[in-house]
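Chain by chain, the residues:
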Amino acid sequence: MIRLLVFNLFYVTACLFALVRGGSPERIGAAILIADFELSLFVVAPMSHRFSGVEWPMFGVDIAAFAALYLLSIFSTRFWPVWMAALQGCVAASHLVGFRHDIVAWAYGTMVAAWSYLLLAILMIATWRHRRRLARFGIDPSWSSQLPDTYRRQR
């Protein structure tokens, strides 16, 4: 029970921080995580069958979140979406252990859920770094089309 309270506090804090203080990529990243976590609640199997095989609906939600984060990493000037997409890919791949029928349900569930803490931590750090860049430079371009020409030529 305490674990759920800690996670929910971290979840709400990280997403609110990104939604209120983040730039466009941080807000989109928060929206992706919110959609991922909330949709997972609707598609999770009943407790008696949870993590007894591949959780296909949750796998689908996690693959969709991976695709969204991957697209964000392509179009954003930030580096953190690459890390979040990679971690979300690990979340999705974690569902494939359900093919093993000798896997302990607790281990499968923990493997899928543990990545969420890292995703939220990356989102908080990304938002904090965005605020620092704004304070230091007065600007923090979110998308590659917003970069000055001199920066684009150096890349």
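Residues numbered from 1 in each chain as written. Predicted model: local features only at pLDDT ≥ 70, side-chain atom pairs only at ≥ 80, totals over all residues. Heavy atoms only, no water.

Moving on to the overall build of the protein. The secondary structure content of the protein amounts to seven helices and zero strands. Each helix and strand of the protein, ordered N terminal to C terminal, gives the series α-α-α-α-α-α-α. For the protein, the proportion of contacts with a sequence separation of at least 24, taken over those separated by at least 6, is 69%. Counting only carbon and sulfur atoms, one obtains 70% of the accessible surface of the protein, whose full area is about 9300 Å². (Helix = DSSP H or I, 4+ residues; strand = E, 2+ residues; numbered from the N terminus. Contact = heavy atoms within 4.5 Å. Areas by Shrake-Rupley, 256 points an atom, 1.4 Å probe, with all protein chains shown as cover.)

Two elements in contact, helix 4 (residues 80-94) and helix 6 (residues 115-137), have axes whose closest approach is 10 Å; the angle formed by their N-to-C orientations is 170 degrees. Taken as axis vectors, helix 4 and helix 6 run roughly antiparallel relative to one another. Within the contact between the two elements, helix 4 uses Trp80, Trp83, Met84, Leu87, Gln88, Cys90, Val91 and Ser94 and helix 6 uses Trp115, Leu118, Leu119, Ile122, Leu123 and Ala126. Here the contact of helix 4 with helix 6 is composed, by residue class, of twelve nonpolar, two polar and no charged. (Axes fitted to C-alpha atoms, helices over the stretch in contact; angles between N-to-C directions. Parallel < 35°, antiparallel > 145°, perpendicular 65-115°, else oblique. Nonpolar A, V, L, I, M, F, W, Y, C, P; charged D, E, K, R; others polar.)

What follows deals with the pattern of salt bridges. Scanning the entire structure with this criterion turns up three salt bridges. Salt-bridge contacts for Arg78 lead to Asp140; the nearest nitrogen and oxygen are separated by 3.2 Å. On the criterion of sequence distance, the pair formed by Arg78 in the loop between helix 3 (56-75) and helix 4 and Asp140 in the loop between helix 6 and helix 7 (149-154) is long-range, its members being 62 residues apart. By relative accessible area, Arg78 is classed as buried at 6%. Across the pair Asp140 and Arg133 runs a salt bridge whose closest N-O atoms are separated by 2.9 Å. Asp140 gets classed as buried once you look at its relative accessible area, which sits at 12%. When salt bridges with common partners are traced through the structure, they connect Glu26, Arg78, Arg133 and Asp140 into a single cluster. (Salt bridge = Lys/Arg side-chain N within 4 Å of Asp/Glu carboxyl O. Buried < 20%, exposed > 50% of the residue type's maximum accessible area, 1.4 Å probe, protein only.)

In this fold, Ser116 is placed in helix 6. When its relative accessible area of 11% is taken as the criterion, Ser116 is described as buried. Residues in contact with Ser116, not counting those within four places in the same chain, are Phe7 and Phe37.

By themselves, these observations are geometric and do not establish any function.
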